[in-house]
Amino acid sequence: MLNVASELLEPLIKYLRAIKEVNRVEVAGSFRRGQETVGDIDILVSSSQPLKVVRHFTAYEHVSEVRAQGSTRASVVLRQGLPVDLRIVGDLSFGAAMHYFTGSKAHNIALRTLARERQLKMNEYGVFSGTERLAGATEASVFHALGLSYIEPELRENRGEIAAARAGRLPLLIERSDLRGDLHTHTKSTDGRNSLREMALAAQQRGLAYLGITDHSQRWALRHGLDPDSLSRQIDEIDKLNAELDGITLLKGIEVEIKEDGDLDLPDSILSRLDLVVAAVHSQFTLSRERQTGRILRAMDHRYFTLLAHPTGRLLLEREPYDIDMLRIIGHAKQRGCSLELNAQPRRLDLSANYCMLAKDEGVLISINSDAHSIYDLDDLRFGVQQARRGWLEKNDVLNTMSIGHLKAQLSKMQGN
C-alpha cells in the first residue's frame, strides 16, 4: 500500500540525505508514478562518492537483508519486508536516470523509439547525438531534447501522454492545494474516532475551507449508524458549531446505505435537511452484474442523491470490485448531474485511473474524499489527488475544488433545487 511504503520511506530518505556525500535523493519507480500498490522501491542518489553512499545505505538500522552490493548500486530488504533498490549516478545523468527508473516500461520504450526516429540515443545516462550529450541533468531537458513538453510522472503509462506532449495538449494536473474541502468524513457518532469540532479544526489546519460530515446511516447497525432522530440531533449540533467556527464550514451529510432494491436507507423527510447525501454499497456484493448495476442506477435517480461513494467497492489486495457496468453508471451520472467519488483511502483508491479518465471525458465531476475516520486520515487526500492525476484530472474536473458558495449551488442543483 502507498501509505505503508510512504511511512517506511520518509525516515530512510532523511537518513540518506544526512551525509555530505549525497547531493540529491529522490524516489523513482512505481511509487513515484502513484501506482495503487508497490512491490518494491527505487531510490536514486546523485553523488561523486558512490561507495560511501552504498555503505551508508546498507548500514541503515532497519535493513534486515542485503541482497546485493556494488560500486554504484545496492539492494536491501527492510525489516518490514519491503525491498529497496538504490542506484547512484553523477549530477549530469541524474535527470535521465530519474526518467529511466521512474518508468513505466511501456512509456520508456515509446520514448526510446521516438529518440531513434530522431537519430538520437536515449538511456539512463542521457540523450546523445553520437557521442555528444544533449540532455540528462534534468528530466525536463530529456523531454525537451525529444521535442516534448515535460510529462508528469503519473501520466507515464503510454496511454497517449507522448502524443499529447508533442501536440501541447497535456492536462494541467490537479494539485493537493486545489482541494478546498473534503466531502466524506466520519465522527465518533458512528465509527469515527474524533468529535465534530476536532474534525473541523483538523481540516482547517490542513488548509480546507469546508468539511462534509457523513456518518453512516441506520442500516449499519454494527457501527451504530444514525437513525432519523440521531441524525436530526447531529444536524442541530452542526448548525450550532458552524455559528461558532471561523474559516471552516461543516456540511451536513450522511453516508447512506443503498439497499438491494436501490432505495436509500433513510426517509426523504430527513435527507431533505442535508447539504449532501453520499450513497454507498456495503452489502450484497455478489449480485449479478445486471442487478448490481440496476441497484446503483435506481439509487442515483433518488432526488437527494449527491455522489456515489467508493463506486466499485474494491479493497486493494483484499477484495475484488463487485460486478457492475461502470460505463452505464458514468453515463447515468452525466444524465442525472450527480458526482462520483474518488475515495482516497490507500486500501481503496476507488475510482481507478481508467474510470477517472472516462468520467472526465463525459464531463462527470469527481469528488476526491478522504473517507476519514480520524483527524489523521484527512492526510490521505494526497493519495486521492495522485490517483486523480493518474486519471488525467484537472482542477475543473473535481467537485471539491469549488469555493463553498459555488459548491453549495452545485449541490442544490444536484437535488433539483
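That block above? That's the structure.
As the structure is a computational prediction, the values presented were derived from the model and not from experiment.

A. Here's a closer look at helix H8 (residues 196–205). Of all the positions in H8, only Leu196, Met199, Ala200, Ala202 and Ala203 are classed as buried. For H8, the buried positions fall inside an angular range of 165° around the axis, keeping them on one side. Buried-residue contacts for H8 involve strand S9 (181–185), strand S10 (210–213), helix H9 (228–244) and strand S11 (249–257). With its phi angle positive at about 85°, Gly207 sits one or two positions after the end of H8.

B. Quick look at empty space enclosed by the protein. What the rule picks out here adds up to 1 cavity of 30 Å³ or more. In this structure, the largest cavity occupies an estimated 60 Å³ of space. Contributions of two or more residues to the lining of the largest cavity are made by helix H4 (94–102), helix H5 (105–117) and strand S6 (121–123). Tallied by class, residues from the lining of the largest cavity come to 4 nonpolar, 3 polar and 1 charged.

C. The sheet that holds strand S7 (residues 126–129), seen in detail. Spatially, the 3 strands line up as an open sheet ordered S6-S7-S8, and their pairing is antiparallel. For this open sheet the edge positions go to S6 and strand S8 (132–135), each flanked by a neighbour on one side alone. Within the sheet, the average angular offset between the axes of one strand and its neighbour, ignoring direction, is 35°. Pairing geometry for S6 and S7, over 3 bridges, is antiparallel. Paired with Asn123 across the strands is Gly126, a residue of S7.

D. Main features of the pairing of S8. Two strands pair when backbone bridges link them, and S7 and S8 are joined in this way by 3 bridges, in the antiparallel orientation. Along S8, the bridge assignment pairs Ser129 with Glu132. Between S7 and S8, which follow one another and run antiparallel, lie 2 residues, and Gly130 among them has a positive phi close to 65°.

E. Structural detail: the sheet that holds strand S4 (residues 73–78). As summarised here, the arrangement of the 5 strands in space is S1-S2-S5-S4-S3, forming an open sheet in which the pairing is mixed. Since the sheet does not close on itself, it has two edges, and those belong to strand S1 (24–27) and strand S3 (63–69), each with one partner. Each neighbouring strand pair of the sheet contributes to a mean axis angle of 20°, computed without reference to strand direction. Strand direction decides the pairing type here: S4 and strand S5 (residues 83–89), joined by 5 bridges, are antiparallel.

F. How the structure looks around the packing of aromatic side chains. Within the structure shown, the criterion is met by 4 aromatic pairs. Ring geometry for Tyr15 and Tyr60: centres 4.9 Å apart, planes at 45°, overall tilted. With a gap of 45 residues between them, Tyr15 in helix H1 (residues 2–17) and Tyr60 in the loop between helix H3 (50–58) and S3 connect regions that are remote in the sequence. Ring centres of Phe143 and Tyr150 lie 5.6 Å apart, and the angle between their planes is 85°; on these two criteria the pair is classed as edge-to-face. Take Phe143: its relative accessible area is 0%, and that puts it in the buried class.

G. Spatial organisation of the nonpolar core. Leu250, Ile254, Leu271, Ile329, Leu340 and Ile368 are the most contacted members of the largest nonpolar core, which has 59 residues in total. For this core, the leading source of residues is H8, giving 5 residues. Once residues lying within four places of it in the same chain are set aside, the contact partners of Leu340 are Leu308, Met326, Ile329, Ile330, Ala333, Leu351, Val364, Leu365, Ile366 and Ser367.

H. Just the pattern of salt bridges, in detail. Enumeration according to the criterion identifies 24 salt bridges in this entry. Ionic contacts of the salt-bridge type, sharing partners, join the residues Glu152, Glu154, Glu175 and Arg389 into one network.

I. Structural context of the side chain of Gln234. Relative to the helices and strands, Gln234 is located in helix H9. Using a relative accessible area of 4% as the deciding quantity, one classes Gln234 as buried. Side chain to side chain, Gln234 and Asp215 meet in a polar contact 2.8 Å long. The residues touching Gln234, leaving out its near neighbours within four places in the chain, are Thr187, Ser189, Leu196, Ile213, Asp215, Leu226 and Gly253.

Rules used throughout
- Residues numbered from 1 in each chain as written.
- Predicted model: local features only at pLDDT ≥ 70, side-chain atom pairs only at ≥ 80, totals over all residues.
- Heavy atoms only, no water.
- Buried < 20%, exposed > 50% of the residue type's maximum accessible area, 1.4 Å probe, protein only.
- Helix = DSSP H or I, 4+ residues; strand = E, 2+ residues; numbered from the N terminus.
- Arc of directions from axis to C-beta.
- Contact = heavy atoms within 4.5 Å.
- 1 Å grid on protein atoms, 1.4 Å probe; cavity = no way out; pocket = protein on both sides within 12 Å on 5 of 7 lines; lining within 4 Å.
- Points joined across faces, edges and corners; volume = space filled by probe spheres on them.
- Nonpolar A, V, L, I, M, F, W, Y, C, P; charged D, E, K, R; others polar.
- Pairing = 2+ DSSP bridges.
- Axes fitted to C-alpha atoms, helices over the stretch in contact; angles between N-to-C directions.
- Phe/Tyr/Trp six-rings, centres within 6.5 Å; stacked < 30°, edge-to-face > 60°.
- Core = buried A, V, L, I, M, F, W, Y, C linked by side-chain atoms within 4.5 Å.
- Salt bridge = Lys/Arg side-chain N within 4 Å of Asp/Glu carboxyl O.
- Polar contact = N/O pair within 3.5 Å; in protein donor to acceptor, adjacent residues only side chain to side chain.

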